[in-house]
Amino acid sequence: MKTTKALFIGGIKSGKSFNAELYTLKIAKVKPIYLATTEFIDDGMKKRIHNHKLQRQDKFETIEEPLKLYESISTCSDVVLVECVSMWINNMLYHDFKFDDMKKELEEVLALKQSVVFVLNDVGSGIIPENKLARKFVDISGKLSQLIASKCDEVFHTIAGISTKIK
């Protein structure tokens, strides 16, 4: 069975999640897994999560796991959509994990012999943040996006709902 690793990267509300869902459904043999990583929930995040659930309807089996990507993905039999790596980084920082921990976790996921589709916010196209934690997040996100992209078969950059294949 041919496996695929793909990355959908773009700005917030760019359409990357929707396009990643369509891509995942296209390559799945059975009902794919939607690995939801969001842990911190306020009213705004609850609304976003609700909208994502409406968008994907019952087309995915959902697993909620904010930290242990490898453990969750390694037990799945078909394609997994990781939604999203940016929230996972946020969670890892909140729980005091270091960059090396995150890198190791993603390297293990990328080495798996199954298809994985990653969604990641492109946060590095703006100014350097004034806030130290925000700078750390942007730096880690940039480094990890390079790692993921280097190991993926396909990379798509999404702007205004249009995903352009860049690899």
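The rules we used
Residues numbered from 1 in each chain as written. Predicted model: local features only at pLDDT ≥ 70, side-chain atom pairs only at ≥ 80, totals over all residues. Heavy atoms only, no water. Phe/Tyr/Trp six-rings, centres within 6.5 Å; stacked < 30°, edge-to-face > 60°. Helix = DSSP H or I, 4+ residues; strand = E, 2+ residues; numbered from the N terminus. Buried < 20%, exposed > 50% of the residue type's maximum accessible area, 1.4 Å probe, protein only. Polar contact = N/O pair within 3.5 Å; in protein donor to acceptor, adjacent residues only side chain to side chain. Contact = heavy atoms within 4.5 Å. Pairing = 2+ DSSP bridges.

Undergrad: Sorry if this is basic, but what is going on with the packing of aromatic side chains here?
TA: Two aromatic rings, taken as a pair, are described by how far apart their centres are and by the angle between their planes. Under the definition given, this model contains four aromatic pairs. Centre to centre, the rings of Y34 and F60 are 5.7 Å apart; their planes meet at 75 degrees, and the pair counts as edge-to-face. Taken together, the residues Y34 in strand β2 (residues 33–36) and F60 in the loop between α2 (43–56) and β3 (61–64) connect sequence positions 26 residues apart. Given the relative accessible area of 2%, Y34 is considered buried. The exposure class assigned to F60 is buried, which follows from its relative accessible area of 5%. An aromatic cluster is built from F8, Y23 and F156, whose rings are joined through pairwise contacts.

Undergrad: Help me understand the side chain of S14, please; the structure alone is not making it clear to me.
TA: Tracing the chain through its elements places S14 in the loop between β1 (5–10) and α1 (16–27). Among the polar contacts listed, one links the side chain of S14 to the backbone nitrogen of K16, at a separation of 3.5 Å. Leave out the neighbours within four places in its chain, and S14 touches T158, I159, A160 and G161.

Undergrad: How should I be thinking about the pairing of strand β6 (residues 154–159) in this particular structure?
TA: Regular strands show a simple pattern: their side chains alternate between the two faces of the sheet. Bridge analysis of β1 against β6 gives five bridges, and the strand direction is parallel. Residue F8 lies in a different strand from β6, and its bridge partner there is F156. As judged from the four bridges shared by β6 and strand β7 (residues 162–165), these two strands associate in the antiparallel manner. The partner of F156 across the bridge, within β7, is K165. Linkage of β6 to β7, two consecutive antiparallel strands, is achieved through a turn of two residues, within which A160 is found at a positive phi near 50 degrees.

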